[in-house]
Amino acid sequence: MISAPLKLILCAIFVSLMAGCAGSTQDMADVIIPVFPEPPDEPRFYYERTIASSVDVEIESRESVFERFVTGSQRVGIGMIKPFGVAVHQGRVFVSDSISRQVFAFDVPEARFFEIGIRAPGQLAKPMGVDVDAAGNLYVCDATHKQVFMYDRDGHFLKRFGEPAMFDRPAGLTVDPAGQRIFVVDTGGVASDRHQVSVLDTATGNLLRTIARRGDQDGELNLPRDARIAGDGNLYIVDGGNFRVQVFTQQGEFVRSFGEVGRRSGQFSRPKGIGADRDGNIYVADTAFGNFQIFDPQGRLLLAVGNRDSNNGPASFMLPAGLAVDEDGRVYLVDQYFRKVDVFRPASLAVDEGWLVHREKLE
């Protein structure tokens, strides 16, 4: 037990040390923040923050700070082990973790963290792709159960969709904004013909249709990875084995495709996650490149963001996977190796604008 006089002495030392640190810390104006593209080109995206554990969103109390100062202990939070997919709704970031067998919810505006799918009903086994509808309901593709689990925005289990017999290797999904249709990406495999997207009705749970079949021609898929419904209403599918993105109507009619295998910008090596902004631009994460590339709706390259690096750091990646674009245009990229989500802010959005701002900072 620390006596009151000693507490006062330690507090004074603590304040003095903090003031000293503030004086010696490099001015924020001098801190180099990764920007894309690099100068002298006009900035399009800034690296903004990294989310790796509950510590990155929860605010520590003054009492806890003081206790750690006195004891010399480190702040410890709940972190991710093998994150895969990411979805965002009004500043609440949902990240699936296939090893932890749950979805982590990081709520930045509310400085809140909680876990989803850790107990029955709605207990997850191997969550992979995730998405949200306009109301914030969360949809999770479980590769072990071979079903889609649905939760409300606060993580309460609602229902599940599909039957295991429908799928071989379900990995990704997307849902239409109204929450009426779920598009489940079945990666298939060497001995499987189910390289396709299955469309489920959320009202009945029935299978409405399947989109595509295995192959390398227009309208055919080989090892599809993920999908996203863009602002034009079309379905954009990462056709991983064919190193391209294919575009379909929601009824399954082929529209166009873009991309090819290669090591240059605008090509693909190991495409994985996909997202879309409100302007219709398409964002594709590439595991081999260690970045995401931005294309216009016609498939013309606009920009590449991020760097492949064996050392963790802002905008550095080894195994990028899931990707999401929120309502304000911020981009969230999961890295499985570094067990994190890096967030990028469009240059058109001010630091204190949008959903991803803690409420206290706005007051």
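Look up: the structure comes first, before these words.
The rules behind the values
Residues numbered from 1 in each chain as written. Predicted model: local features only at pLDDT ≥ 70, side-chain atom pairs only at ≥ 80, totals over all residues. Heavy atoms only, no water. Buried < 20%, exposed > 50% of the residue type's maximum accessible area, 1.4 Å probe, protein only. Helix = DSSP H or I, 4+ residues; strand = E, 2+ residues; numbered from the N terminus. Pairing = 2+ DSSP bridges. 1 Å grid on protein atoms, 1.4 Å probe; cavity = no way out; pocket = protein on both sides within 12 Å on 5 of 7 lines; lining within 4 Å. Points joined across faces, edges and corners; volume = space filled by probe spheres on them. Nonpolar A, V, L, I, M, F, W, Y, C, P; charged D, E, K, R; others polar. Salt bridge = Lys/Arg side-chain N within 4 Å of Asp/Glu carboxyl O. Contact = heavy atoms within 4.5 Å. Polar contact = N/O pair within 3.5 Å; in protein donor to acceptor, adjacent residues only side chain to side chain. Core = buried A, V, L, I, M, F, W, Y, C linked by side-chain atoms within 4.5 Å. Axes fitted to C-alpha atoms, helices over the stretch in contact; angles between N-to-C directions.

Enquirer: Quick one: what's the story with the pairing of strand S18 (residues 235–239), residue by residue and with numbers?
Expert: Among the five residues that make up S18, five are buried, leaving the element largely enclosed by the rest of the structure. Neither face of S18 is exposed, since Leu235, Ile237 and Asp239 on one face and Tyr236 and Val238 on the opposite face are all buried. Pairing of strand S17 (residues 224–229) with S18 involves four bridges; the strand directions are antiparallel. Residue pairing across strands places Arg228 opposite Tyr236, the latter belonging to S18.

Enquirer: Tell me what's going on with the layout of surface pockets, and back it up with residues and numbers.
Expert: Approximately 570 Å³ is the volume found for the largest pocket. At the level of secondary structure, the elements contributing two or more residues to the lining of the largest pocket comprise strand S3 (83–89), strand S7 (127–132), strand S11 (170–175), S17, strand S21 (271–276) and strand S27 (320–325). For the lining of the largest pocket, a count of residues per class yields 13 nonpolar, four polar and eight charged.

Enquirer: Give a description of the pattern of salt bridges that names residues and reports values.
Expert: Pairing between side chains becomes possible if they bear opposite charge and their charged atoms approach one another. Using the criterion set out here, one finds 16 salt bridges in the structure. Here Arg228 makes a salt bridge to Asp131, at a shortest N to O gap of 3.6 Å. A residue pair is termed long-range when its members are at least 10 positions apart, and Arg228 in strand S17 and Asp131 in strand S7 qualify at 97 residues. What makes Asp131 buried here is its relative accessible area of 10%. For Arg256, the salt bridge is made with Asp232, and the minimal N-O distance between the two is 3.9 Å. Here Arg256 is found in strand S20 (residues 254–258), whereas its partner Asp232 is found in the loop between S17 and S18, with 24 residues between them in sequence. What makes Arg256 buried here is its relative accessible area of 18%. One network of salt bridges, in which partners are shared, links Arg92, Asp107, Glu110, Arg112 and Asp154.

Enquirer: Give a detailed account of the environment of Gly240, specifying residues and quantitative values.
Expert: Along the chain, Gly240 turns up in the loop between S18 and strand S19 (244–248). Classification of Gly240 as buried rests on a relative accessible area of 10%. The sequence separation of Gly240 and Arg225 amounts to 15 residues, and the corresponding C-alpha distance is 6.0 Å. Discounting residues that sit within four places of it in the chain, Gly240 has contacts with Asn222, Leu223, Pro224, Arg225 and Pro271.

Enquirer: Account for the side chain of Asp296, with residues named and values stated.
Expert: You can see Asp296 is positioned in the loop between strand S23 (291–295) and strand S24 (301–305). At 2.6 Å, the side chain of Asp296 and the side chain of Arg300 are in polar contact. When residues no more than four places from it in sequence are discounted, the contact partners of Asp296 are Gly280, Asn281 and Leu302.

Enquirer: Any chance you could break down the nonpolar core for me, citing the residues and the numbers?
Expert: Counting residues in each nonpolar core, the largest one holds 17 residues, and the members touching the most others are Val86, Val93, Val95, Phe106, Tyr332 and Val341. If you list the elements that add at least two residues to this core, you get S3, strand S4 (92–97), strand S5 (102–107), strand S28 (331–335) and strand S29 (340–346). In this structure Tyr332 touches Val86, Val88, Val93, Gly322, Leu323, Ala324, Asp326, Val341, Asp342, Val343 and Leu356, once residues within four positions along its chain are discounted. In terms of nonpolar packing, the next biggest core, distinct from the first, is built from 16 residues, Tyr283, Ala285, Phe292 and Leu333 among them.

Enquirer: Break down the sheet that holds strand S22 (residues 282–286) for me, citing the residues and quoting the values.
Expert: Read across the sheet, four strands follow the order S21-S22-S23-S24 without closing on themselves; strand pairing throughout is antiparallel. The open sheet is flanked by S21 and S24, the only strands paired with a single partner. With direction set aside, neighbouring strand axes in the sheet form an average angle of 20 degrees. The sheet contact formed by S23 and S24 spans four bridges and is antiparallel. Counterpart to Ile294 in the pairing with S24 is Leu303.

Enquirer: Please provide a residue-by-residue account of the pairing of S19, values included.
Expert: With respect to burial, S19 is a largely interior element, five of its five residues being buried. Residues Arg244, Gln246 and Phe248 of S19 are buried on one face, and the alternating residues Val245 and Val247, pointing to the opposite face, are buried as well. The pairing of S18 with S19 spans five bridges and is antiparallel. When the bridges of S19 are listed, Leu235 appears paired with Phe248. As paired strands, S19 and S20 are joined by four bridges and run antiparallel to one another. Residue pairing in the sheet places Val247 in a bridge with Arg256 of S20.

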